[in-house]
Every structure is written in structure tokens, then in C-alpha cells.
Amino acid sequence: QVQLVESGGGLVQAGGSLRLSCAASGSGFRISAMGWYRQAPGIERDLVARMTSGGSTSYADSVKGRFTISRDNAENTVYLQMNSLKTEDTAVYYCNARIRFAEDLSEYNFWGQGTQVTVSS
């Protein structure tokens, strides 16, 4: 069974920084991509940043130049360094992993439980 455990959310003033972490646990799989999505009240969940196992990255336009995604493939962990935070970054941040199981090569998306990020003015 795959589990994603997130940490690092919290309350920060505008202009500050936070670092989110997400670790995938379990066995018998490989992760093809990991990333972060966010969802504010009344708004659909949107991609923030994503990184493939090969190191390719993609970012939402609104966070380019402020957020950096990184991965530790050996530890199945993804990080999101968030700098110059703005009030509009306030949301629940969800970790996502695209996982391929070795037994039958099936692929599924897994989600973390979400971590609240609140940026105050």
C-alpha cells in the first residue's frame, strides 16, 4: 500500500518562506512523477509544480521564480521551497505521485492528505 505523508505547512507573513515535504512509503513500485497541487476555498485544485523521475519540471505561471520543486529519488521524497509568499498563495497544498507498480505495470495517481498554507498580509 502506498502512502504519501506531507509536512511543512503553516502560517507565514507575506514575503516569507515555507518548505513543504512529501514522502512516499510502501514497496513494489516506482514513482514516475511527483508534484504539488493546491486548492483554495471555492476553487478547483490546480497544479503548482511537478517533477518527473528524469528531473523535468513544470510550474504554474503564478509561482515561477518564487517556488522550487526538488526530489530525493532514493528517499521517494519531494520538496517544495516557497519563497516570496503572497496572500494569494493561501490554500491547502496536496502532494501527488504518479506510481507504477512492478507487479503488473499499472499506474495510478496517489494523493497526500493535504497541508494548510496560510499567508497573512
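Anything mentioned here points back to the structure above.
This section reports on the structure supplied with the text. (Residues numbered from 1 in each chain as written. Predicted model: local features only at pLDDT ≥ 70, side-chain atom pairs only at ≥ 80, totals over all residues. Heavy atoms only, no water.)

### Concerning the side chain of Asp-89
Within the secondary structure, Asp-89 sits in the loop between β8 (77-82) and β9 (91-101). In terms of polar contacts, Asp-89 uses its side chain to reach the side chain of Arg-38, at 2.9 Å. A polar contact is formed between the side chain of Asp-89 and the side chain of Arg-66, at a distance of 2.7 Å. With sequence-adjacent residues up to four places away left out, Asp-89 is seen in contact with Arg-38, Arg-66, Phe-67, Ser-84, Val-117 and Val-119. (Helix = DSSP H or I, 4+ residues; strand = E, 2+ residues; numbered from the N terminus. Polar contact = N/O pair within 3.5 Å; in protein donor to acceptor, adjacent residues only side chain to side chain. Contact = heavy atoms within 4.5 Å.)

### Notes on the state of the cysteines
Where two cysteines share a covalent bond between their sulfur atoms, that bond is called a disulfide. For the structure shown, the criterion picks out 1 disulfide. In this model Cys-22 forms its disulfide with Cys-95; the gap between the sulfur atoms is 2.1 Å. Across the disulfide from Cys-22 to Cys-95, rotation about the S-S bond amounts to roughly -80 degrees, and the bridge is consequently left-handed. Placement of Cys-22 in strand β3 (residues 18-25) and of Cys-95 in strand β9 is noted, with a sequence separation of 73 residues between them. (Disulfide = S-S within 2.5 Å.)

### As for unusual backbone geometry
At Ser-84, a position not held by glycine, the phi torsion is positive, near 50 degrees. Looking at the secondary structure, you find Ser-84 in the loop between β8 and β9. Here the phi dihedral of Leu-105 falls at roughly 60 degrees; this positive angle occurs in a residue that is not glycine. Within the fold, Leu-105 resides in the loop between β9 and β10 (107-111). Leu-105 sits in the exposed class, given a relative accessible area of 56%. (Buried < 20%, exposed > 50% of the residue type's maximum accessible area, 1.4 Å probe, protein only.)

### Describing the environment of Tyr-93
Locating Tyr-93 in the fold gives a position in strand β9. Residues contacting Tyr-93, with those up to four places away along its chain left out, are Glu-6, Leu-20, Trp-36, Tyr-37, Arg-38, Val-48, Phe-67, Leu-80, Met-82, Gly-114, Thr-115 and Val-117. Engagement of the side chain of Tyr-93 in a polar contact is seen with the side chain of Arg-38, the distance being 2.9 Å. Of note is the side chain of Tyr-93, whose polar atom sits 2.6 Å from the backbone oxygen of Asp-89.

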